[in-house]
Amino acid sequence: MKVLDSELMKRYARMAIDGFNQGWHERNGGNLSYRMKIEEIEQLRDDFKEGEWRVIGWQKGDESAFPGLAGEYFIVSGSGKYFRNIELDPEDNVCIIELNEKGNRYRIVWGLREGGMPTSELPTHLANLEVLKARDPEMRVVYHCHPGNIIALTFVLPLDSRVFTREIFEMVTECAVVFPEGIGIVPWVICGGRQIGEMTAEIMKKQDVAVWAHHGAFCCGKDFDLAFGLMHTVEKSAEILVKVLSMSPVKLNTITPEMFRELNAPFGIHINEDYLYEKKDGTIGQLPQE
Ligand code: 13P
Ligand code: ZN
């Protein structure tokens, strides 16, 4: 089967345009990777070519290996490509890559028709996908975008996972159910580099969302719906927090730790207690009392 005719590529492209329509992908902002299933590779293999093997590295001269992903295939957005164009022309904006048996070289087997490279965040995506596969073999999607409200909050909330998570949790009941392990925070670090990639992968060992201060967010999922839905949930909650903060720095009413704990049994979750600290009053963004 042709890659362009596959349901898989259609679903990838739909996620890209959905993210663009949310306003999360100005210019070439954001990137999306998907670790393919064996049956998807077999279905599309006849449409693959054999590109040249290339080094995987965060910086020039740097060589990285992802042995946990050896021999795997990924759909990855191209560097400098615009998400608004992916649905129009997937073959020019996206590629499928294969990793070699050591997980330290990749080759393009489909796409980037007019040339180009996979996203500059490729090593960061692979570092995350490797950690996620070890956590759960069904984890396949890593998504990076630039959602305005999440980014705005990184200027006014302490860059502390506990505070960020708790404030986001309090805005929409659904949040604690959808991501009970909360949000990890990466302080401002230059993007595209090893440090930010490794910090994000460290977060993904336990959590499904990582916020990059003054830049954007990463999230993961077993499929496109779950990854997109997760980002959508966090950003919706962030939007409400921005609205609340624009009215008042103090909340009159909210969801309390006791109310959060009531969710555990009926929803079959365990909300991480780190986020359910007592607050002295309704002031938004206060740190837990040590
Ligand atoms: P790429 O165009 O290389 O994917 O980079 C976009 C981006 O958002 C970097 O953080
Ligand atoms: Zn970015």
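For the structure itself, consult the block above.
Residues numbered from 1 in each chain as written. Chains lettered and ligands numbered in written order. Predicted model: local features only at pLDDT ≥ 70, side-chain atom pairs only at ≥ 80, totals over all residues. Heavy atoms only, no water.

(A) Summary view of the site of ligand 1. All residues in the neighbourhood of ligand 1 are listed as Asn28, Gly29, Gly30, Asn31, Ser79, Gly80, Thr119, Ser120, Glu121, His144, His146 and His215. With respect to ligand 1, the backbone of Gly30 contributes an N or O atom lying 2.9 Å from an oxygen atom. At 3.1 Å, a side-chain N or O of His215 approaches an oxygen atom of ligand 1. Starting from 310 Å² of accessible surface for ligand 1 in isolation, the protein chains cover 93%. Among the residues forming the shell around ligand 1, the class breakdown is no nonpolar, eleven polar and one charged. (Near = heavy atom within 4 Å. Polar contact = N/O pair within 3.5 Å; in protein donor to acceptor, adjacent residues only side chain to side chain. Areas by Shrake-Rupley, 256 points an atom, 1.4 Å probe, with all protein chains shown as cover. Nonpolar A, V, L, I, M, F, W, Y, C, P; charged D, E, K, R; others polar.)

(B) Quick look at the pattern of salt bridges. Applying the stated criterion across every chain yields a total of 26 salt bridges. The salt bridge involving Glu167 is made with Lys279; its shortest N-O contact spans 3.0 Å. Of the two residues, Glu167 sits in helix 7 (residues 161-171) while Lys279 sits in the segment after helix 11 (257-267), which places them 112 residues apart along the sequence. Salt bridges sharing partners connect three or more residues here, namely Arg166, Glu167, Glu170, Lys251 and Lys279. (Salt bridge = Lys/Arg side-chain N within 4 Å of Asp/Glu carboxyl O. Helix = DSSP H or I, 4+ residues; strand = E, 2+ residues; numbered from the N terminus.)

(C) Structural detail: the coordination of the zinc ion (ligand 2). The coordination sphere of the zinc ion (ligand 2) contains the protein donors His144 (NE2), His146 (NE2) and His215 (NE2), at a distance range of 2.1 Å. Between consecutive donor residues of the zinc ion (ligand 2), the sequence gaps follow H-x1-H-x68-H. Placement of the pair is His144 in strand 6 (residues 141-145) and His215 in the loop between strand 8 (209-212) and strand 9 (216-221), with a sequence separation of 71 residues. Neither His144 nor His215 differs from the other in exposure class; each is buried. (Donors = N, O, S within 2.8 Å, 3.2 Å for Na, K, Ca; no water. Buried < 20%, exposed > 50% of the residue type's maximum accessible area, 1.4 Å probe, protein only.)

(D) Representation of the sheet that holds strand 4 (residues 94-99) within the structure. Strand order in the open sheet formed by nine strands is 2-5-4-3-1-6-9-8-7, and the pairing between neighbours is mixed. Of all the strands in the sheet, the pair left with one neighbour each is strand 2 (54-55) and strand 7 (183-186). Of the strand pairs in this sheet, strand 8 and strand 9 are connected by four bridges, and their pairing is antiparallel. The residue of strand 9 that forms the bridge with Ala210 is Phe218. Sitting on the sheet, helix 10 (residues 224-247) is in contact with strand 1 (31-35), strand 6, strand 7, strand 8 and strand 9, with an inclination near 145° to strand 9. (Pairing = 2+ DSSP bridges. Contact = heavy atoms within 4.5 Å. Axes fitted to C-alpha atoms, helices over the stretch in contact; angles between N-to-C directions.)

(E) Spatial organisation of the pairing of strand 4. With six of six residues buried, strand 4 is to be regarded as a mostly interior element. The side-chain alternation of strand 4 yields two buried faces, one formed by Val94, Ile96 and Glu98 and the other by Cys95, Ile97 and Leu99. The pairing of strand 3 (residues 73-77) with strand 4 spans five bridges and is antiparallel. Within strand 4, the position partnered with Phe74 by the bridge is Ile97.

(F) A look at the pairing of strand 1. With five of five residues buried, strand 1 lies mostly within the body of the structure. The alternating pattern of strand 1 places Asn31, Ser33 and Arg35 and Leu32 and Tyr34 on opposite faces, both of which are buried. Two strands pair when backbone bridges link them, and strand 1 and strand 6 are joined in this way by four bridges, in the antiparallel orientation. Bridge pairing links Ser33 to Val142 in strand 6.

(G) Main features of the environment of Leu44. If you trace the backbone, Leu44 turns up in helix 2 (residues 38-44). Take Leu44: its relative accessible area is 1%, and that puts it in the buried class. The spacing of Leu44 and Gly23 is 21 residues in sequence and 32 Å in space, taken between C-alpha atoms. Each residue touching Leu44, except ones within four places of it in the same chain, is listed here: Met1, Lys2, Val3, Ser6 and Met36.

(H) The nonpolar core, seen in detail. Met36, Phe48, Ile75, Ile96 and Tyr143 are the most contacted members of the largest nonpolar core, which has 59 residues in total. Top contributing element to this core by residue count: helix 10, with nine residues. Once residues within four sequence positions are removed from consideration, Met36 is found in contact with Leu8, Ile41, Leu44, Phe48, Glu72, Tyr73, Phe74, Ile75, Ile96 and Arg140. (Core = buried A, V, L, I, M, F, W, Y, C linked by side-chain atoms within 4.5 Å.)

(I) Representation of unusual backbone geometry in the model. Its identity as a non-glycine residue notwithstanding, Arg27 has a phi of 45°, on the positive side. On the basis of relative accessibility, which here comes to 58%, the residue Arg27 falls in the exposed class. Of note, the phi angle at Leu112 is positive, near 45°, even though the residue is not glycine. Relative to the elements of secondary structure, Leu112 occurs in the loop between strand 5 (105-111) and helix 5 (122-135). We classify Leu112 as buried; its relative accessible area is 5%.

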